[in-house]
Amino acid sequence: MARLDLVSKIFAPERLTTFQSQCLRERYPQHDCNICLKNCPYEAIEFGKRIAVDETKCQGCGICTHMCPAGVFELNNWPDIVKQNRAAVNDRQVRIGCNKVKDRVDGEVPCLGLVSEGFLLSLAEKGAENICLDASACEDCPANQGRSLAVIKVSTTIEILRRFGHNPKIFFQTEHQESIPGKGGYSRRGFFLHLRDSAVKGIASFKEPAPAVGKQIEHRVSNARLLLLGSLQRLGQPMPEVLPPPGRIIHGDSISGEGIAPGRDSTSGNGLPFYQVEISQACNACEFCSRLCPTGALSKLITDESEKIEKIRFNLKLCTGCGLCQKICPNEAIGFAKEVDLSWLLKAEEQELVSYAYLKCPDCERLYLEIEGGCSFCKKEVAVDTFFDEICQ
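Residues numbered from 1 in each chain as written. Predicted model: local features only at pLDDT ≥ 70, side-chain atom pairs only at ≥ 80, totals over all residues. Heavy atoms only, no water.

**Some thoughts on unusual backbone geometry**
Across residues other than glycine, the phi torsion is negative in most instances, and most of the peptide bonds are trans.
Step number 1: Phi angles above zero are rare outside glycine, and E43 is one such case at about 50°.
Step number 2: Structurally, E43 can be placed in the loop between α3 (35-39) and β2 (45-47).
Step number 3: For E43, a relative accessible area of 61% corresponds to the exposed category.
Step number 4: We note that D91 has phi near 55°; this positive angle belongs to a residue other than glycine. (Helix = DSSP H or I, 4+ residues; strand = E, 2+ residues; numbered from the N terminus. Buried < 20%, exposed > 50% of the residue type's maximum accessible area, 1.4 Å probe, protein only.)

Below you can see the structure in the form of structure tokens.
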């Protein structure tokens, strides 16, 4: 039996690529994120020493790729899926569904749970004004939570398009119909009522102390996020308004909210995938946040030698609200703002959240941060000298 399992693993198709170092648990071992584990319909994700996917169980539904805020999982054929579905847009409309309904849809996805904001925006940007998601086969599917996840993504996409002055119709079809209706589907009010009725709230909070973090590790932006940002660039300018707090991600009946990050825990109803980090004066420039940010939304910049200024910068486009920065900050200096300015999504420059001046110690000529109140090397040297003086007396 063990040999058969080994052979199955060897010849199992590799549907996913797993970027283990992106995992929040790997960047901070005390982190308790388990959203992928709780929501994989085939129990293919395993937590051992490192996160792993059992390819013999994985069916390539792609739910994990859009549930994970850190971009750990990528569906290997995702670019082809996007390309084929964009090509399926015809006469300003398109119907999307899984392979169980492939005989009556224009574009095919492994599961509706794979439908993301970027995916839907790319169809709208291609010219689709009527986007129908065929959910008629979801009820009896092992991955039926994909429909609940798609409901969330559709709601955020509608809100994003509204903010950019567009109004395409995106709706679900739960029973077999021969054609996309010219009118119908959910109204905006009806859609959110449907979302409310089919959703449950279950957000976990994190209150553990920060670890001592050393090495810098790689940052990575998921393909879904890149697709979203690329589509936004082609949608034009957002309407001149500031967003309320990013909305709590509402999870449908089969979607587990356990392990959701603090950045995604808000009481607003918008649920948009954009988050504004802010840093208070309690920051001590430890750099944990910029070192461990999975996507590189937070980064450190040291200006030229003449200025000797260190800055922590923030890229709104890259932040997925994973909340790792907030969790690991030893001084609890990091939080999420109550408003989000969408104009930053189209700007090339990054926001400067905090800056610190370097000073040169007059005794040892080493550089130290002004907020340290003095050269730490010299402080330690004085403490050691004082200790030995007291012993020798």
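That was the structure; now back to the text.
**A look at the confidence of the model for the chain**
Step number 1: Taken over all residues, the pLDDT of the chain has a mean of 78, while the share at 70 or more is 74%.
Step number 2: Considering each helix and strand of the chain separately, the mean pLDDT is smallest for strand β11 (residues 251-252), with a value of 29, and largest for strand β6 (residues 107-108), with 96.
Step number 3: Note on residues 178-214: pLDDT under 50 across the span, and 82 contacts to partners over four residues away in sequence or across chains.
Step number 4: In the model, residues 245-263 has pLDDT below 50 throughout and makes 89 contacts with residues more than four positions away in sequence or in other chains. (pLDDT = per-residue confidence, 0-100. Contact = heavy atoms within 4.5 Å.)

**Focus: the sheet that holds β6**
Step number 1: One open sheet accounts for four strands, arranged β6-β5-β7-β8; its pairing is parallel. Among the strands making up the open sheet, the edge pair consists of β6 and β8 (169-173).
Step number 2: Across the sheet, helix α6 (residues 117-125) touches β5 (93-97) and β7 (130-134), and the angle it forms with β7 is around 140°. (Pairing = 2+ DSSP bridges. Axes fitted to C-alpha atoms, helices over the stretch in contact; angles between N-to-C directions.)

**Side note on the sheet that holds strand β13 (residues 298-302)**
Step number 1: On the basis of which strands lie adjacent, the open sheet formed by four strands has the order β13-β14-β17-β18 and antiparallel pairing. Unpaired on one side and paired on the other, β13 and β18 (367-369) mark the two borders of the sheet. The sheet shows a mean angle of 25° between the axes of neighbouring strands, direction not considered.
Step number 2: Sheet analysis places β13 next to strand β14 (residues 309-314), joined by five bridges and oriented antiparallel. Residue pairing in the sheet places I302 in a bridge with E310 of β14.

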